[in-house]
Amino acid sequence: MTDNGSNAMWGGRFAAGPDAVMEAINASIGFDRRLWEQDIRGSRAHAAMLAARGILTDEDAEAIGHGLDQVAGELAAGRFAFSTALEDIHMNIEARLKDLIGPPAGRLHTARSRNDQVATDFRLWVREQCDAAVAGLEALQRALLGQAEAGAERVMPGFTHLQTAQPVTWGHHMMAYVEMFGRDAARMRDARARMNECPLGAAALAGTSFPIDRDATAEALGFDRPCANSLDAVSDRDFALEFLSAAAICATHMSRLSEELVIWSSAQFRFVALSDRFSTGSSIMPQKKNPDAAELLRAKVGRILGATVALFTVMKGLPLAYSKDMQEDKEQVFDAADTLLLSLAAMTGMIADMEADPAALEAAASAGFSTATDLADWLVREAGLPFREAHHVTGALVRLAEGSGRDLPDLTLDEMRGVHDAITEGVYDVLGVHNSVASRTSYGGTAPDQVRRQIARWKERLE
């Protein structure tokens, strides 16, 4: 999308039109038609500003306004006839506007280039995707908060290396993802704030000699201010890169949660049951209930990350200002945004519908000597042992229990005292998994009271 080329509407340099191959590679209308609403919004704001500055007559501005309304109606109704020969959405709309209102359509492009036009359209579109992503993230957070609130006291194993580490609460685990997705929403808001500058009026690359009012068009389109440098305004796509980067991080978080759902819903774990809405059966094994939605979400990060790398690669070697390479800036962003919003909706549905199995969670939390750290801490706190010695004593007690097929709380006091005589009856107060999680009262810890504090904090933030 540039002001140099062979389009018959605006270029007379080439005697013959492009052949079919050139037309196909040069055209972007197959995908940039998605920008039609933003393009018409930008044109309305531009025409109003030109009229206010006396660059357009009121009659021309009125004709343009009515014509754009009709074009928008055709596009919204699916009656618009797109032409590949006209390359892109901007020229398709301008050509139709000329059919409808004649010469005033050509005056709309005064003090404007397709370079600043597409940069404006694309910023408007990506800005909307940031808003949609934040809304999707907040819906997902609310679903996680519902799970956390229902299971604030429900114990489950906490893992490191996918090995049982220490007991935690279900609510605490859910709240970990609330925090992650909260940061994802913050990244989207930050990206939106940075991109909220208006390129319109930068023209091809150097600005314009017409007495335009860039503050007026920026305000009309909901931007905070005009872009301060015309070269930068038309030539950078860092706003799209930042959106894609935030989307890739968000998709990574969803992929991690999806992996847990796949594991947790397996017959070997049975921590959760996913609803039939987000599962499928097997074509040959009637007993199967496959977590297909979670598996698909786990893979979506590759698609979004691929889009991010693709746009970085397009932009990395471009001199200022515009190059035709930048026509390749949209397809991957469109696909990534669609993928992100669909993934957020699917994840929200899965989380809202899934049912945890408290008995399976507690049984798993009690296995694997998950209270060993509590025992070591007790030896430091109550028996006065240095932590390294307490660690050694605890290891010996774990070996003793493991050798007899028992867990730590099943050892007798005499057996424990045989390993270290400083151990007293009070040790049993910390060995149960419920006692363990209740003791983790530090800020951000897994104790139910702490979990409820974090739930209340997030509920207030999301109101």
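The structure this text deals with has already been given above.
My aim in this report is to walk through the structure given alongside it, one point at a time.

The rules behind the values
Residues numbered from 1 in each chain as written. Predicted model: local features only at pLDDT ≥ 70, side-chain atom pairs only at ≥ 80, totals over all residues. Heavy atoms only, no water. Helix = DSSP H or I, 4+ residues; strand = E, 2+ residues; numbered from the N terminus. Rg over C-alpha atoms; globule rule 2.2 N^0.38 Å. Buried < 20%, exposed > 50% of the residue type's maximum accessible area, 1.4 Å probe, protein only. Contact = heavy atoms within 4.5 Å. Areas by Shrake-Rupley, 256 points an atom, 1.4 Å probe, with all protein chains shown as cover. Lys, Arg positive; Asp, Glu negative; His and termini not counted. Charge placed at Lys NZ, Arg CZ, Asp CG, Glu CD. Pairing = 2+ DSSP bridges. Salt bridge = Lys/Arg side-chain N within 4 Å of Asp/Glu carboxyl O. Axes fitted to C-alpha atoms, helices over the stretch in contact; angles between N-to-C directions. Parallel < 35°, antiparallel > 145°, perpendicular 65-115°, else oblique. Left-handed = near helix turned anticlockwise from the far one by under 90°. Nonpolar A, V, L, I, M, F, W, Y, C, P; charged D, E, K, R; others polar. Phe/Tyr/Trp six-rings, centres within 6.5 Å; stacked < 30°, edge-to-face > 60°. Lys NZ or Arg CZ within 6 Å of the ring centre and 35° of its normal. Patch = residues over 30% accessible without salt bridge, like charges linked within 9 Å, V, L, I, M, F, W, Y side chains within 5 Å.

1. So, the overall build of the protein chain
The secondary structure content of the protein chain amounts to 20 helices and six strands. Taking 23 Å as the expected radius of gyration for a compact globule of 463 residues, we find that the protein chain reaches 31 Å, considerably beyond that expectation. In terms of overall dimensions, the protein chain has a C-alpha envelope of 100 × 50 × 40 Å along the principal axes. The buried share of the protein chain, reckoned over its 463 residues, is 49%. Residue pairs in contact within the protein chain that sit at least 24 positions apart in sequence constitute 75% of those at least 6 positions apart. For the protein chain, the computed accessible surface area is about 21,200 Å², with 52% contributed by carbon and sulfur atoms. In the protein chain, the 46 positive side-chain charges and the 65 negative ones have mean positions that sit 1 Å from each other.

2. What to know about the pairing of strand β1 (residues 155-160)
Across six bridges, the pairing between β1 and strand β2 (residues 163-169) is antiparallel. For Pro157, the partnering residue across the bridge sits in β2 and is Pro167.

3. Overview of the pattern of salt bridges
Between side chains of opposite charge, a pair can form when the charged atoms approach closely. By the definition in use, this model includes 25 salt bridges. Put simply, Arg44 and Asp69 hold a salt bridge, and the shortest N to O gap is 2.6 Å. Placement of the pair is Arg44 in helix α3 (residues 36-52) and Asp69 in helix α4 (residues 58-77), with a sequence separation of 25 residues. Classification of Asp69 by relative accessible area gives partly exposed; the value is 42%. Where Asp88 meets Arg114, a salt bridge forms, and the shortest distance between an N and an O atom there is 2.3 Å. On the criterion of sequence distance, the pair formed by Asp88 in the loop between α4 and α5 (89-101) and Arg114 in helix α7 (residues 114-150) is long-range, its members being 26 residues apart. Taken individually, Asp88 and Arg114 each receive the classification buried, so the pair is uniform in this respect.

4. What about the packing of helix α8 (residues 170-195) against helix α11 (residues 238-264)?
In the contact formed by α8 and α11, the axes pass within 8 Å of each other and the chain directions differ by 165°. Looking at the two axes, α8 sits roughly antiparallel to α11. Judged by the sense of rotation from one axis to the other, the crossing of α8 with α11 is left-handed. In terms of residue class, the contact of α8 with α11 is built from 17 nonpolar, two polar and six charged.

5. Things to note about the packing of α7 against α8
Contact pair α7 / α8: the axes reach a minimum separation of 9 Å and the direction vectors enclose 165°. The orientation of α7 with respect to α8, classified from their angle, is roughly antiparallel. Two packed elements cross with a definite hand, and for α7 against α8 that hand is left-handed. Within the contact of α7 with α8, the residues separate by chemical class into 18 nonpolar, four polar and eight charged.

6. Some details on the packing of aromatic side chains
Each aromatic ring pair is summarised here by two numbers: the centre-to-centre distance and the angle between the ring planes. According to the stated counting rule, one finds nine aromatic pairs in the structure shown. Ring geometry for Phe122 against Phe334: centres 6.4 Å apart, planes inclined by 85°, an arrangement best described as edge-to-face. With Phe122 in helix α7 and Phe334 in helix α13 (residues 331-353), this residue pair connects regions lying 212 residues apart in the sequence. Across the pair, Phe334 and Phe122 agree in class, each one buried. A centroid spacing of 4.7 Å and a plane angle of 70° characterise the contact between Trp125 and Phe334, whose relative ring orientation is edge-to-face. Taken together, the positions of Trp125 in helix α7 and Phe334 in helix α13 put the pair 209 residues apart, joining distant regions of the chain. We note that Trp125, like Phe334, is buried. Grouped by ring-pair contacts, the aromatic residues Phe159, Trp170, Trp264, Phe269 and Phe271 constitute a single cluster. The cationic tip of Arg34 hangs over the ring face of Phe334; the distance from NZ or CZ to the ring centre is 5.0 Å.

7. Some remarks on a nonpolar patch on the surface
Side chains of Leu205, Leu231 and Leu320 sit close together on the surface and give an oily, nonpolar patch of about 270 Å² of accessible area. Position of Leu231 among the secondary structure elements: in helix α10 (residues 230-235).

8. Observations regarding the side chain of Thr339
Note that Thr339 resides in helix α13. Beyond its immediate sequence surroundings of up to four residues, Thr339 is in contact with Lys300, Arg303 and Ile304.

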